[in-house]
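# Report on the structure
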Amino acid sequence: VRALVLGAAGFLGLNLVDRLLLEGITPLCARRRRTNVLALRARRLPMVEVELSDRGALLGVMAGIDVVFHCAGHYPRLSLDRDAAIATGVRELEHVLSAARAAAVRRLIYVSSTATVAPPRPGRRASDEADRFPAPPGFGTYHDLKWRMEELALSFHGVEVSVVCPGACLGPWDLKVGTSALLIATARGLDPPCPDGIVNLVDARDVAEALFRIAETPRPPKRVLLCGANLSLAPLLAALAHRYGAPPPRPPILAAEAIRLAEAEEERAALGGPRPALSREIVDLIVHGVPIDARLAEATLGMRWTPLSQTLDAFDDWARRMHLIPGASLEPMEALS
Amino acid sequence: MNIEPFERAIKETIAELTTLRATEIRNEDRLREDLGLDSVSSMELLSMLAERFDLEIGIEEAVQITTVGAVLEIGRQRLHART
C-alpha cells in the first residue's frame, strides 16, 4: 500500500504513522511548513511539505498514492470567527478531495469529529452512525465547521471516502495538549473551571488502529464512530484528582458560565494573550456531548477498545517524559467504570 | 567550528515566530517568559533549526530547552560533534 498521511506530525498522525510502520508500511508524511517535525525526523520517514490551500501541490503529492489518510482537517486556534473558519476548512477539504479524485487515489479516509453526532433517536440510549445532525447544529464554530466539512466529504463523488468520527482522543503525542488539557491541569492540581457533560473518550492508538483497518477492509463503513468509554466529566475529573493527590475538584460550572468564560479567554488570546485555559470548542463538546454506540466499528472493523485506565496510564507515562506532568510515574490505575 | 550562522538563525527564526526583531533577542532570554513562545512554538523553533542545519534533536531533549542560550548550546554540541 502506498499511503499518504496528511497531518503526519500531529497527534493522530504520529500514532497512525507508528501503526503503519508496525505493519511494514512506510507512509509518505505530509506536513505544513511551520510545524514540529522532530518526531518524524527521529523516525527517518519521507516527508513532503504541502499546504492544504495549494490544490496543485496536493495533486503532485498524491501521484501514485493508493490511500490518503486525512488527519489534518482544519482546527481553528480560536472560535471567534465562524465564517472564516468554515470557509478555510471547506476550501482545504475541497482541495484534498478533488486532488485525490484527479490523482485516482483508491480510498481517502477523513478524520472528522463526534461534534457531528446528534442525540440518539427516540427509544435509544446512545447515538450511532444514523444519528447525524441534519444541518449545522449552531452550538459554536467548531461544531458547525466539522458538520460542513463532513457533509462535503460524505457527498463527494469520484473517490471512495470513509469518514471517521473519533471521540476525545487521549494518548501519547498530544504535543499541542488538546483533549488532554483538562487532564494535565487536574494532575497539576490546578482545578480548572469546567462544565459537566458526557465525554466520549478513545485511545489515540485505537483510532490509529481503526484508520489502518479501514484502509485494509474491502468495504468499510461510509461513516464510523470511535469511542471506548462514555463518561460524565465531573466524576472522571474527581477520580483523576484523587489519583494525583490533588484536592477534590470544584463543582462544575453551568454551561452558560463556561461559554462566557471561554469567550473571554479567547478574546484575550486574540489580543496576543496566552492560549485559552478553557476553549470554546471544548465547552461545546462537553455540554452537548451524547453517549456514543461504537458497535459498528466493532462489527465491521473488529475493533476492541483499550480500557480507559490503560489509556490514562500510557498518557501519564508519556506526559511525564514530556515534562507535561512533573514527577515520577504513578502505580497503574484501577479500572474506571 | 563557526557557530555564528546558527546563532543568527535562532534569532531570525524566533523573529519569524513572534513579533520581535532579531536584533532585540538576547542569548539570556527565556523562550516563554521573555519572548512569549509557548511550548508549541518553542518546539517549532527547534524543529525548524533541526531541519535547516540537519541536526538530530530528540523531543524529550527539546521539551527541556527553555532559553535562547540553551538552544545555542545544543546547536553548538551537535555541530561540534559533526566536525
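This text gives an overview of the structure that appears in the document. None of the values given here were measured: they were computed from a predicted structure. (Residues numbered from 1 in each chain as written. Chains lettered and ligands numbered in written order. Predicted model: local features only at pLDDT ≥ 70, side-chain atom pairs only at ≥ 80, totals over all residues. Heavy atoms only, no water.)

### Some remarks on the packing of aromatic side chains
A complete count under the given rule lists five aromatic pairs over all chains for this structure. Arranged with centres 5.1 Å apart and planes meeting at 45 degrees, the rings of Tyr-75 of chain A and Tyr-142 of chain A form a pair that is tilted. Taken together, the positions of Tyr-75 of chain A in the loop between strand E4 (67–70) and helix H4 (82–102) and Tyr-142 of chain A in helix H5 (residues 141–155) put the pair 67 residues apart, joining distant regions of the chain. Looking at Tyr-75 of chain A, the relative accessible area reads 43%, which means it is partly exposed. Taking the relative accessible area as the measure of exposure, Tyr-142 of chain A reaches 8% and is therefore buried. Between Phe-6 of chain B and Phe-53 of chain B the ring centres are 5.0 Å apart and the planes differ by 70 degrees, which places this aromatic pair in the edge-to-face class. Taken as a pair, Phe-6 of chain B in helix H1 (residues 4–17) and Phe-53 of chain B in helix H2 (residues 39–53) lie far apart in primary sequence, 47 residues in all. Both residues of the pair, Phe-6 of chain B and Phe-53 of chain B, belong to the buried class. A connected cluster of aromatic rings, assembled from ring pairs, spans Trp-173, Phe-315 and Trp-318 of chain A. (Phe/Tyr/Trp six-rings, centres within 6.5 Å; stacked < 30°, edge-to-face > 60°. Helix = DSSP H or I, 4+ residues; strand = E, 2+ residues; numbered from the N terminus. Buried < 20%, exposed > 50% of the residue type's maximum accessible area, 1.4 Å probe, protein only.)

### Notes on the sheet that holds strand E10 (residues 229–232) of chain A
Residues and elements named next belong to chain A. Strand order in this open sheet of three strands is E7-E8-E10, and the pairing throughout is mixed. The open sheet terminates on both sides in strands that have one partner only, identified here as strand E7 (168–170) and E10. Each strand axis lies, on average, 40 degrees off the axis of its neighbour in the sheet, ignoring direction. Bridge analysis of E7 against strand E8 (residues 198–203) gives three bridges, and the strand direction is parallel. Note that in E8 the partner of Leu-170 across the bridge is Asp-203. Contacting E8 and E10, helix H8 (residues 233–243) runs over the sheet at an angle of about 90 degrees to E10. (Pairing = 2+ DSSP bridges. Axes fitted to C-alpha atoms, helices over the stretch in contact; angles between N-to-C directions. Contact = heavy atoms within 4.5 Å.)

### Observations regarding the pattern of salt bridges
Residues and elements named next belong to chain A. For the structure on display, the rule yields 36 salt bridges over all chains. Across the pair Asp-66 and Arg-2 runs a salt bridge, and its minimum N-O distance is 3.1 Å. One end of the pair, Asp-66, is in the loop between helix H3 (55–62) and E4; the other, Arg-2, is in the segment before strand E1 (3–6), and 64 residues separate them in sequence. Given the relative accessible area of 18%, Asp-66 is considered buried. The class for Arg-2 is partly exposed, based on a relative accessible area of 48%. Two residues, Asp-313 and Arg-243, come together in a salt bridge whose shortest N-O distance is 2.5 Å. One end of the pair, Asp-313, is in helix H12 (residues 308–321); the other, Arg-243, is in helix H8, with 70 residues separating them in the sequence. Look at Arg-243 and you get buried, because its relative accessible area is 15%. (Salt bridge = Lys/Arg side-chain N within 4 Å of Asp/Glu carboxyl O.)

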